[in-house]
Each structure stands twice: as structure tokens, then as C-alpha cells.
Amino acid sequence: MVRESRSIDHFFSAPSGRTDRWRELHAVARSWAKGDQARGKVETALDELGAIEEFHAFPGLELIGALRERLQNDDTSGFLALAKRISLAIITSNYKHDAKEWQSVDLSLADPVDALPSSLGDTHAHRPYFEMLAVTPAPAGRWPHMAAEFRRLRRSEDAFVYETVLAGSLEDAVCAAVLNPDIAAVVIYEGFALKSRHDAPVLRSVLAAQQPLLDKADEADLALRLAAGLKAIRPELDIYLLSDRRVEKLAGDPRAAMIRRVMYQIEEPLELHLSVLEGIKARYETPFFDNLKLYAQRPVGTFHALPIARGKSVFRSPWIRDMGHFYGINLFLAESSATTGGLDSLLEPTGNIKRAQEMAARAFGADHVFFVTNGTSTSNKMVLQALIAPGDIVILDRNCHKSHHYGLVLSGAQPFYVEAFPMPELSMYGAVPLRTIKKALLDLKAEGRLDRVKMVDLTNCTFDGHIYNTRRVMEECLAIKPDLIFLWDEAWFGFARWSPFLRPRTAMGAAADIEASMEEPDAIAHFEKQQKELGAAPSVDKLLNTRLLPDPRAVRLRVYQTNSTHKSMSAIRQGSMVLVRDVDFHKVEAQFHEAVFTHASTSPNQQLIASLDVARRQMELEGYGLVMNAIEVALDIRREVATHPVISKYFRVVGADGMVPQKYRSSGFVDFLAPDTRWDDQLRSMREDEFCLDPTRMTLVCGTAGFDGTSFKGLLASQYNIQVNKTSRNSVLLQSNINNTRSDVALLISVLLKISNEIETRLRQGGEAERKAFEARVHSLMNDVPDLPDFSRFDEAFRGDAGKTTPEGDMRTAFFTAYDAEKCEYLPIHGAECDRRLEKGPALISANFVIPYPPGFPILVPGQVVTHETITFMRKLDVKEIHGYEKAKGLKLLRRDALARKKK
Ligand SMILES: Cc1ncc(COP(=O)(O)O)c(C=O)c1O
């Protein structure tokens, strides 16, 4: 069924919105053919499709024309057959390689030689298909002719094949780029119109701020503005500009930097065709993977380690041959411990790995990229080691991944832990409010220790989907300390680069926006105006309550992002990247290489490196559509769970309003599913709100169905073959990604229904006693949730070098003190002795990290004083896995009497 709502999902979910409408047309055509439906209904359904179909090459004018003709002629069966065929071709993408799909005649009668767009699918090799958008002032009547012209340029040597989508205005061009993920290149002919022929009220409201500029723009200006607009939506698009005057001048305009080629309009069309193909090739190319494939074909004799390389030890063996058959020969042919002969060294890349990393930098909007083959756990430690020295202070979310905490132990930095807002009802944390981060900086400033603060280190988005306002956080922090380094752990968020909604909230997206804003002509004036308003000695409160602007002349923008490419893109497990956008990188480059040498294996896995290269290729060529699909899958799940009459009785996916407290949603955004929500509301929320929710991360509350997170996760896995992400006491986390299909949604929903029905039956048959037991269990899961313990403090023994009022501490010394068994003791948390010690001392000082799963953050770090809150939390915890805690022995503590006290 087509959804009635034309709300935000409609925009987010262009591809499936489209297939839904074709299915709908097919369904009404079937009823019409059976005589159950009037022609008018079919006409309406076809009209609904009309505008959207203009933005796609297939089915194109001819097929739509044929449908209309059959409609006019009351050819019910002919219409049904064609609608069915088109709808199927769209769902299966068959038209991308089968030329017959483009024909309007009945396929069984078609003459194969007479196939419409020649060379589509007529080569033996598989040629990837894309669509090219041509924005033109030519009248619509000429468009089929223009598309045919491009088709005529095809040659059998072409590596790719494309069809052309035509648009006559800026608004239509923007809509096409948004709605059609197959568009990979755009050709702009000067002289096109501004306004769409269609009604586009939401788009117009978004463009309204630009309107005066657009109205005044001359042809060349409008073309450049369109190019900039398209790049802002989809930076991966290649843009070509065709002008019939001043091309040299245009090419020299700095605003034309985002245009791949400026050409003279009358020039040889073949030149344009070849340029477009070359542009795609530049993204398709995967230097390391391409070389690895070549390497695998060569007969190489190996006299070095890695006997598994070439596979002879495997395939000749009667005992392990099955492994060879399972993985296939290429895995072994492409294995080598060599770094020469067409391969490269990950530790000191000079060849194809270097190029692959440069291409990844281009794709992700970074200056430099480092491939990492041991996961983001290692990426984080590399960045911390490279940039942080012993004694430096790092402002760190305590609820971050353990790699950060361990990274600080290794580097000897002092953590200044800041707390995320708690969500005790779901046993999880949100993200760290900006006010808390600013306060930390201002406190350190008051202590005269600002020079010691090197970095702010935060997780974006968090495990549960809280996205920071990365730009605002960085700008306001830079206003307090202009050379702060930012490490954004985007382990889960790498894919966000390919969503125009999410990109500005990524580290790299925000860094690009900050760089651009610092260049704006009035940036300094804005800063100075604010300085004047703040006065010479503004109070802390005033600084906390003001949206601070950094001084563009002083800012050194230094942004690092780590992402687990394997968590959200097609990289093999452990494939990770470090992205760098640091104006001072040249000063730390040597350190950075040292960090790589420290942490990277000297035997990195070739397949893993290749998969990072390929993941980049995929995202540059189809990431936009894939991410849109992942978002759409999430919205589908959210909607189905919320509206199903039985499922919604027991389960709910927490909405944006449940995950982000109102005070952090100043735009007024409520949720993706809230009535009347449009995509521009979402856009505004992404721009303004302190925190947003990543729609692809879904907290499914299962406590209301009587399950704790861990047992529900187990049930889904063992009985229904559904694997989910992490758990909390009363929820599980579902994640949709570029891999998911609508069939996956159907499976999940059917399973939730089955489980809900089982609960219904049990409650019906079990009578009052069963109902009471169920209610008590739900009540306990949903209400008896322990308070989350905040970081208490470092013991004075580890604060010799700390500020008087600020909480940082020397965690490394505490960590290594625990290596001396004489200085340690164990204390069971359940005994009376524990209560006595908490009451009367000596203080309990944690010897190591204690990290329960879930929730997965350290409730204790080395050197931290254990408090009542921590013990109460641990006593209430009903999880089995607690890293750093041996139940039989008790808490590992540092003996107070064995530690030197802080000298006053
Ligand atoms: C926020 C965060 N950072 C880093 C990591 C570690 O990433 P990897 O598994 O790639 O080592 C994780 C893993 O779950 C994570 O959640």
C-alpha cells in the first residue's frame, strides 16, 4: 500500500516511495482489468507517478506515453501487462542491464535487434549503469532527442553505461539529485530556469533564504549556485558546466572549483561523454584492490612466511582442504606477506595503499586518511598516542568506548571526565551537554590550566544514536581555546557522510562548514561584536549562556575522526579509518607515524585493506541511495511497531523525543513519525538542536513485554535467527544499515508479532495469576532500574599534579601501581566489610577498569574512589559479563596504606 502520509519518510525514502507507487499502480490496474475499479482511479495513480518519474531515466517518456495510450484506449490487459513489467523492472533494477525492458511493445513480440537504448546490456561483460542529469534551457520537447544523442555516443569500449535524465530548472535539478540515487554525474547547460514546472512547496521553503540571491543571479551565477547546491547535497557528484561564453573566465572563478570540467557548449559531444565516463572511473578505481587482483593472477614463488599464501598447503592437504573450498582459491592467491610486487606497505605506504588512502580522503572530505586493520579500538589509541603527551589533559566522555580510556593510560594523559545526560529509565546514557564541556574548559581556565588541555574527545553518534551538534561544540570550545584538538569517535557513523541530513553533523562535515564560515567576509566583525557585548571580564554564567563565536584569526582547526568502516559500510570486520582535517598536521605527522608503528600489525591483512578500498568505491558510487535505504528501513520498522495493534501493546521503538530530552531540541522537532513532520523540520532540527537522534539506531523497549534486554536478544538469536546490537536492562538496540532490505523488516515485524501473540495467549490462558506475574515483571524491568553512578573522583594519591578544583587525575600511575600485588587487595562487594569500609574507610580505590556489559562504560577506572553509588549499582546489576571484576575474589583495590598521598 502506498502510505497516505507525504511526511518526512516520503523524502527520506524516495526509492521505496517510488516502488510503492508502482506497486499501487499495478494493483489498481489489476482491479481495473477485473472490472472492480474505474479508469479514473488508474488515471490518478498514473498522475501521482508522473512528476517523480520525470526525475528518472527509466521508464522514460516513451513507456509512460505507451501507458497513457493504453489507458485512453481502455486497453485494460495491455495496460496491466505493461504496468506490471515496468514495476517489476524497477523493483529488480533489471532495466539497468536489459535493453528489452525499455521497449513499449509486448516483449514476447519484440524484435531483439530493435531494442531501444542500444548497447544497454548488449555486451558480454557486466557494465555498471548510472544516470546522468542534464540541466538544460532546451524546451522539454527536445529532451528525448537530447537523450538519444547521448545514447548514440556509446561505444563498446565504454566501461560504464548511462542514460540521461533531463531537467529544465534549478528546482527540478535539485529534486532529481535528491530523489534519484542513480544519478552520478550532472551536466549543466547555462540558461536554465529557476522554478520547477511542478509544485514544490517544501523545497521552496528551504530555498527561500537563498531566493533574493537566486532571483538576482545571471546565467553563469545561477549555474554556479546550482553546482554548489548539488555538491552540498551530494558531494560525490561530478559536475560539468557547459557555457557558450567566457569559459576561460568561468574556469578561473574560485567558485568553479567544485566543477570537474568547464566546457564550451558547442564542443565535441564525445568529449563530454568521455569526460563523464572518466569521472565515474576516477571513483570506480580501487588502486589496492585492483592490484591485489592482478597479483593473484601471477605465478609467484614464495620463499617467505605465510605458507597459506597461494593455497598450496591448503588444497594439497587431505585434512584442511575444506577450508580452501569454503573460502575459494582467490583468498589464498591474494595472500602475501610481501609489500612489493604490486602490493604496498600499510606501515609506510608509497604506492597503491597511499593512493587508496588519498581517494578515501577525497571521498570522506578529509585531508588525510589512514587505513587501520585492527578496528577503531586501535584507531582511537593511535590518535591519542600521536597527539597527547604525558600530563596533557583530555576532556573525555566517561561513557565512551574503552579504547579511549586505555589510550589515555598508554599516553599518560589526565582524563577530565565529563558526564553524559543520564537516561536511567532505559539504563543508558545520552551524550555530553555542551554546557558541561564548556564548564570543564572554563574551570580549567580559572585554575590556570587551560594550556594543559589538548583535546576534547567525544563519541558521535553514541551507541544509542545521539548525534552531537559537532559544529557548535567545536566552535564554542574553540572560542575558549582556539587550538583545541577534537577527536570524534564516529565508529558507528561513518556512513553518515552520504546523507545530506547527517553529513553536517559528522566531524568532517562540520569541520568543512567551520572552515568555510571562518572565511566569510563578516566573520571577524561578528566575533568582535560578540566580544564587545561580552565585555572585558564576562562571568562564567554569561559565557555558558552565550553561543560563543571563535576568533577566526586565532582558530587552528584540528579535527580527527575515527570510524569503524566495518560497522556501517562494506569493509571486512576490523576495517577502520582515521580521518584527519588538521591545519597543523605537518607538525604532528612524525608522531602520527610513530603511533601507526606502535599499534599497527606488521602483518596487516590484505583482504581487509582491499575491503576498505572497495567500501570507499561503493559509497562514492552508490552510498547516497544505500544510506537513504538504511534510513527508510529504520523508518519502516519504527512505523510498523508503532502502528501495529498487537505489537504496539508490548513493544515500542523509542522516538527522538524519548531519546533526546526536550531542552536539547530547541527546534521543536518531536519525532520522525510525529504527525505533519516534514523533511525540512528534520533539516532544521539537524541544523539547530543540541542533539539529534540517528534514525537508524532503534532502541526497542522489550521490558514492556516482560523481557530483559539480554534474554530478549538471546531469544531473537536462538529461535528466530535475528541478531541485534547491544542491550540494556529493558531494551535491545536494532541497527539498520546499507545491507538491510524490506524483507528484513517483514521478518522482524512477523517475529515481534509472533512473540506478542504468544504473550497474549499466555495472559489469556494463565488467568489472574499469570497477568499479575507479568505485570510485576514489567514493573520491575521498567521501574526498578538502578541509578547510573557518575564518576566520583580520583583518590588524592593520583592528583599530585591536578588542579585544586578540577577533577583530572593521573590514571596511568594508578593503573601501573596495580601491577604490584603487594599494593593490592580484594574486597567482596556483597559482604558487611564492604559497607563498613564505605562508611568508615580506609577509602576503596579501584585498581583497574570495571566495565559491565551492558551498559559497557567503565563504572570504575584505575585510581577512582569507590562510592556507595557504585556499589549499589553493582549489587543491582544483573549482568553476567563484568570486565575487570572477579566475582569470586571481589573488587580489586589499591591499598590505601601503600600509596603516597598528594603533597599539599
Ligand atoms: C563508540 C565506539 N568506538 C569504538 C569502538 C571499537 O571499534 P572496533 O570494534 O572497530 O574496534 C566501538 C565498538 O563497539 C564503539 O562502540
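Conventions and cut-offs
Residues numbered from 1 in each chain as written. Predicted model: local features only at pLDDT ≥ 70, side-chain atom pairs only at ≥ 80, totals over all residues. Heavy atoms only, no water. Salt bridge = Lys/Arg side-chain N within 4 Å of Asp/Glu carboxyl O. Helix = DSSP H or I, 4+ residues; strand = E, 2+ residues; numbered from the N terminus. Buried < 20%, exposed > 50% of the residue type's maximum accessible area, 1.4 Å probe, protein only. Axes fitted to C-alpha atoms, helices over the stretch in contact; angles between N-to-C directions. Parallel < 35°, antiparallel > 145°, perpendicular 65-115°, else oblique. Left-handed = near helix turned anticlockwise from the far one by under 90°. Contact = heavy atoms within 4.5 Å. Nonpolar A, V, L, I, M, F, W, Y, C, P; charged D, E, K, R; others polar. Near = heavy atom within 4 Å. Polar contact = N/O pair within 3.5 Å; in protein donor to acceptor, adjacent residues only side chain to side chain. Areas by Shrake-Rupley, 256 points an atom, 1.4 Å probe, with all protein chains shown as cover. Right-handed = clockwise from strand over helix to strand, strands pointing away. Pairing = 2+ DSSP bridges. Phe/Tyr/Trp six-rings, centres within 6.5 Å; stacked < 30°, edge-to-face > 60°. Lys NZ or Arg CZ within 6 Å of the ring centre and 35° of its normal. Core = buried A, V, L, I, M, F, W, Y, C linked by side-chain atoms within 4.5 Å.

Take the pattern of salt bridges next. A complete count under the given rule lists 58 salt bridges for this structure. Note that Glu833 and Arg836 form a salt bridge whose closest N and O atoms lie 3.1 Å from each other. Taken together, the positions of Glu833 and Arg836, both in helix 34 (residues 832–840) and three residues apart, correspond to about one turn of that helix. Note on Glu833: relative accessible area 38%, which makes it partly exposed. Lys889 is paired through a salt bridge with Glu886; the nearest N and O atoms lie 3.9 Å apart. Taking the relative accessible area as the measure of exposure, Lys889 reaches 39% and is therefore partly exposed. A relative accessible area of 43% means that Glu886 is categorised as partly exposed.

This paragraph deals with the packing of helix 3 (residues 39–53) against helix 4 (residues 60–72). It is at 11 Å that the axes of helix 3 and helix 4 come closest, and there the two elements cross at 165°. On the basis of their axis angle, the class for helix 3 and helix 4 is roughly antiparallel. The hand of the helix 3/helix 4 crossing is left-handed. Contacts between helix 3 and helix 4 involve Arg39, Val42, Glu43, Leu46, Asp47 and Glu53 from the first element and Ile64, Leu67, Arg68, Leu71 and Gln72 from the second. In the contact of helix 3 with helix 4, the residues fall into five nonpolar, one polar and five charged.

With that settled, the discussion passes to the site of the ligand. Taken together, 13 residues form the shell around the ligand, and within it Thr376, Ser377, Asp489, Trp492 and His566 come nearest. One of the backbone nitrogen or oxygen atoms of Thr376 is found 2.8 Å away from an oxygen atom of the ligand. Here an oxygen atom of the ligand and a side-chain polar atom of Trp492 are 2.8 Å apart. Contact with the protein chains removes 85% of the 390 Å² of surface that the ligand exposes when unbound. Mapped onto the shell around the ligand, the elements with two or more residues apiece are helix 18 (375–387) and helix 25 (565–568). Per-element accounting of the shell around the ligand gives the leading share, four residues, to helix 18. The class makeup of the residues in the shell around the ligand is three nonpolar, eight polar and two charged.

The next point concerns the pairing of strand 2 (residues 161–167). Every regular strand shows the same layout, with side chains that alternate between the two sheet faces. Burial within strand 2 is extensive, with seven of its seven residues counted as buried. Neither face of strand 2 is open: one carries Val161, Glu163, Val165 and Ala167, the other Tyr162, Thr164 and Leu166, and all of them are buried. Taking the sense of rotation as the criterion, the β-α-β connection linking strand 1 (residues 129–135), helix 6 (residues 143–152) and strand 2 turns out right-handed.

Moving on, we get to the sheet that holds strand 21 (residues 845–846). Taking strand neighbours across the sheet as the criterion, the three strands line up as 20-24-21 in an open arrangement whose pairing is antiparallel. Edge positions in the sheet fall to strand 20 (824–827) and strand 21, since each of these pairs with one other strand and no more. Bridge count for strand 21 against strand 24 (residues 891–894) is two bridges, and the pairing is antiparallel. Along strand 24, the bridge assignment pairs Ser846 with Leu893.

By the definition in use, this model includes 35 aromatic pairs. Ring geometry for Tyr417 versus Phe791: centroids 4.9 Å apart, planes at 50°, classification tilted. Of this pair, Tyr417 sits in strand 8 (residues 414–418) while Phe791 sits in the loop between helix 32 (742–783) and helix 33 (811–817); the two residues are 374 residues apart in sequence, bridging distant segments of the chain. The same class applies to Tyr417 as to Phe791, namely buried. Residues Tyr468 and Phe691 carry aromatic rings whose centres are separated by 5.4 Å and whose planes lie at 75° to one another, so their mutual orientation is edge-to-face. Taken as a pair, Tyr468 in strand 12 (residues 466–468) and Phe691 in strand 17 (residues 691–693) lie far apart in primary sequence, 223 residues in all. Each member of the pair, Tyr468 together with Phe691, is buried. Within the aromatic cluster, the residues linked to one another by ring pairs are Tyr406, Phe815, Phe816, Tyr819 and Phe849. Note that Arg697 overlies the ring of Trp492, its terminal NZ or CZ placed 4.3 Å from the centroid. Note that Lys726 overlies the ring of Phe463, its terminal NZ or CZ placed 5.6 Å from the centroid.

As a further point, take helix 21 (residues 470–480). Most of helix 21 is tucked away, with eight of its 11 residues classed as buried. Residues of helix 21 that are buried include every one of Thr470, Val473, Met474, Glu475, Glu476, Cys477, Leu478 and Ile480, and no others. Considering only its buried residues, helix 21 is in contact with helix 20 (434–446), strand 11 (453–459), strand 12, strand 13 (485–489), helix 22 (507–519) and strand 14 (558–563).

Bringing the pairing of strand 5 (residues 261–264) into the picture now. Where strand 4 (residues 238–243) lies against strand 5, four bridges are found, and the strand directions are parallel. Counted as the bridge partner of Leu242 is Met263 from strand 5. Between strand 4 and its parallel partner strand 5, the chain crosses via helix 11 (residues 247–252), and the hand of that crossover is right-handed.

The next thing to look at is the nonpolar core. Ranked by internal contacts, the top residues of the largest apolar core, which has 148 residues, are Phe651, Phe712, Ile755 and Leu891. In terms of residue count, helix 27 (residues 606–643) provides more of this core than any other element does, 13 residues in total. Once residues lying within four places of it in the same chain are set aside, the contact partners of Leu891 are Glu825, Tyr826, Leu827, Ile829, Val850, Leu860, Val866, Ile871, Met874 and Tyr885. Membership of the second largest hydrophobic core comes to 68 residues, among which are Ile90, Ala167, Leu203 and Met628.

Cis geometry is adopted by the peptide bond preceding Pro59, which originates at Phe58 and carries an omega value of 10°. Structurally, Pro59 is set in the loop between helix 3 and helix 4. Residues Asn460 and Cys461 are joined by a peptide bond in cis, for which omega reads -10°. Looking at the element boundaries, Cys461 is found in the loop between strand 11 and strand 12.

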